[in-house]
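Next come the chains, spelled out residue by residue.
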Amino acid sequence: MLIAIDAMGGDNAPECNVEGALSAAAEWKDTQIVLVGDEARLEPLLKDKPSNLTIRHAGDVIGSDEEPVKAVRRKKDSSMVVAGRMVREGEADAMISSGNTGALMTTGLLVVGRMQGIERPALAPMIPTLDDVGVLALDLGANMDAKPEHLVQYALMGSIYRSKVHGIAKPRVGLLNVGTEPGKGNELTKEAYPLLENLPGIHFIGNVEARDVLTGNCDVLVCDGFAGNILLKSLEGTAGALFSLLKEQFSRSLKTKLGAAMLMPELRALKGKMDYKEHGGAPLLGLSGLVVKGHGSSDGNAVKNAVRQARIALQADLVPSISKEISGK
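Residues numbered from 1 in each chain as written. Predicted model: local features only at pLDDT ≥ 70, side-chain atom pairs only at ≥ 80, totals over all residues. Heavy atoms only, no water.

- The protein chain is annotated in an unreviewed UniProt entry as Phosphate acyltransferase of Paenibacillus odorifer.
- Its UniProt record gives the protein chain a comment under Subcellular location (unreviewed entry), which states: "Cytoplasm".
- Quoted straight from UniProt, the Function (unreviewed entry) entry for the protein chain says "Catalyzes the reversible formation of acyl-phosphate (acyl-PO(4)) from acyl-[acyl-carrier-protein] (acyl-ACP). This enzyme utilizes acyl-ACP as fatty acyl donor, but not acyl-CoA." (UniProt positions renumbered as here; feature names shortened; annotations may be inferred.)

Here it is as structure tokens:
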């Protein structure tokens, strides 16, 4: 398999992408990795380049603050667009980018192409849970608005993902809402509820409140991109604030410092459980090719884990499986 990495995308590019690509190429010899970006900037970082890692030159970059549609249409030689074109033309089996989320969504739609039968592709990251199983949540920011029919497609794609990639036989699907009763919510959730309840092929368990997401009461969480992105950012901010408070408390005296030293392995394990870098990235489900969105502040470890995630999805035939289920062919 061949995986293209947008080497110029992300807050820490290109160093983080090169570091992650080198680690991935060393671990998975059966995978060809292509760094797409400015060759003049990438070559000096690749002094010991393995045989399964190459560079594809792309002379332009889409910045984090650029208007997505204009940037994708005008910057055809940008690293993100070139990587997307590689997927569309069959030169790459998957692409990974930690760059501008809106631009990547636009690249997915205009360059890679939307899957037949899917109206709105969805961003589907894993949210860590207390039982270590995690919950796949979608959409968490690709589309700010959604129709009830879009949530139905999210539920179906999420169920297939968890079944194919994570081996869950009958994934539990929940609808993010302000209460668990069927009649709760806004017009979107009220209309979506009966559609999900009567959708064949999924195990719908009803409404799920945000406070219960981390307890692992569902395997797939369905919501519109606006509410989903607020949920995601709230969880990330809470986790960051919690660890800052712990660090402050454990630094107050010699006694607390000694206590911190004794608890360090457990604290590191807890931080790892809540760390997005361990999950690598979020697939954009509903495209005709595999596109994985890395966190904007991804480091080398996150990029390597995004490669691992892409490999598993490719081995599980994720995109063809979703396409077959949606189209019925």
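### As for the sheet that holds strand E12 (residues 290–294)
Alright, step 1. Spatial strand order, E3-E2-E1-E4-E12-E11-E5: 7 strands in an open sheet with mixed pairing. Either end of the sheet is taken by a strand with one partner, and the two such strands are strand E3 (53–57) and strand E5 (122–123).
Alright, step 2. Where strand E4 (residues 94–97) lies against E12, 4 bridges are found, and the strand directions are parallel. Directly across from Ala-94, in E12, lies its bridge partner Leu-290. (Pairing = 2+ DSSP bridges. Helix = DSSP H or I, 4+ residues; strand = E, 2+ residues; numbered from the N terminus.)

### Description of the nonpolar core
Alright, step 1. Grouped together as the largest cluster of nonpolar side chains are 55 residues, with contacts concentrated most on Leu-35 and Leu-318.
Alright, step 2. When residues of this core are assigned to their parent elements, the largest contribution, 9 residues, is made by helix H6 (residues 148–166).
Alright, step 3. There are two domains that each give this core at least three residues, and those are domain 1 (1–117 + 285–328) and domain 2 (118–277).
Alright, step 4. When residues no more than four places from it in sequence are discounted, the contact partners of Leu-35 are Ile-5, Ala-7, Asn-17, Val-18, Ala-21, Leu-42, Leu-46, Leu-53, Thr-54, Ile-55 and Arg-56.
Alright, step 5. Ranked by size, the runner-up nonpolar core spans 26 residues in total, among them Val-36, Val-81, Ala-83 and Met-86. (Core = buried A, V, L, I, M, F, W, Y, C linked by side-chain atoms within 4.5 Å. Buried < 20%, exposed > 50% of the residue type's maximum accessible area, 1.4 Å probe, protein only. Domains from an automatic or database assignment. Contact = heavy atoms within 4.5 Å.)

### Here's the deal with the environment of Gly-240
Alright, step 1. One can find Gly-240 in helix H8 (residues 225–250).
Alright, step 2. Each C-alpha atom, one on Gly-240 and one on Gly-84, is 33 Å from the other, the two residues being 156 residues apart in sequence.

### A few points about the side chain of Thr-31
Alright, step 1. As for its placement among the helices and strands, Thr-31 is situated in the loop between helix H1 (15–27) and strand E2 (32–37).
Alright, step 2. A residue is classified by how much of its surface remains accessible, and Thr-31, at 0% relative accessible area, is buried.
Alright, step 3. Within the structure, the side chain of Thr-31 is placed 3.3 Å from the side chain of Asp-30, a separation counted as a polar contact.
Alright, step 4. In contact with Thr-31, not counting residues within four places along its chain, are Met-1, Ile-3, Asn-52 and Arg-311. (Polar contact = N/O pair within 3.5 Å; in protein donor to acceptor, adjacent residues only side chain to side chain.)

### Structural notes on the pattern of salt bridges
Side chains that differ in charge, positive against negative, can pair when their charged atoms come close.
Alright, step 1. All chains considered together, the criterion is met by 8 salt bridges.
Alright, step 2. Between Glu-91 and Arg-56 there is a salt bridge whose closest N-O contact spans 2.9 Å. Of this pair, Glu-91 sits in the loop between helix H4 (79–88) and E4 while Arg-56 sits in strand E3, placing them 35 residues apart in sequence.
Alright, step 3. The class for Glu-91 is partly exposed, based on a relative accessible area of 36%.
Alright, step 4. Glu-209 is the salt-bridge partner of Arg-211, the closest N and O atoms lying 3.3 Å from each other. (Salt bridge = Lys/Arg side-chain N within 4 Å of Asp/Glu carboxyl O.)

### So, a nonpolar patch on the surface
Alright, step 1. On the surface, a nonpolar cluster with roughly 220 Å² of combined accessible area is contributed by Val-69, Leu-109 and Leu-110.
Alright, step 2. Of the residues examined, Val-69 reaches a relative accessible area of 32% and is grouped as partly exposed. (Patch = residues over 30% accessible without salt bridge, like charges linked within 9 Å, V, L, I, M, F, W, Y side chains within 5 Å. Areas by Shrake-Rupley, 256 points an atom, 1.4 Å probe, with all protein chains shown as cover.)

### Looking at the packing of aromatic side chains
Alright, step 1. Per the counting criterion, the structure on display carries 1 aromatic pair.
Alright, step 2. Summarising the aromatic geometry, the rings of Tyr-193 and Phe-204 are spaced 5.1 Å apart at their centres and angled 75° between planes, so their arrangement reads as edge-to-face. In this pair, Tyr-193 is assigned in helix H7 (residues 187–197) and Phe-204 in strand E9 (residues 203–209), connecting sequence segments 11 residues apart. In this pair, the class of Tyr-193 matches that of Phe-204, namely buried.
Alright, step 3. The ring of Trp-28 carries Lys-304 above its face, with NZ or CZ at 6.0 Å from the centroid. (Phe/Tyr/Trp six-rings, centres within 6.5 Å; stacked < 30°, edge-to-face > 60°. Lys NZ or Arg CZ within 6 Å of the ring centre and 35° of its normal.)

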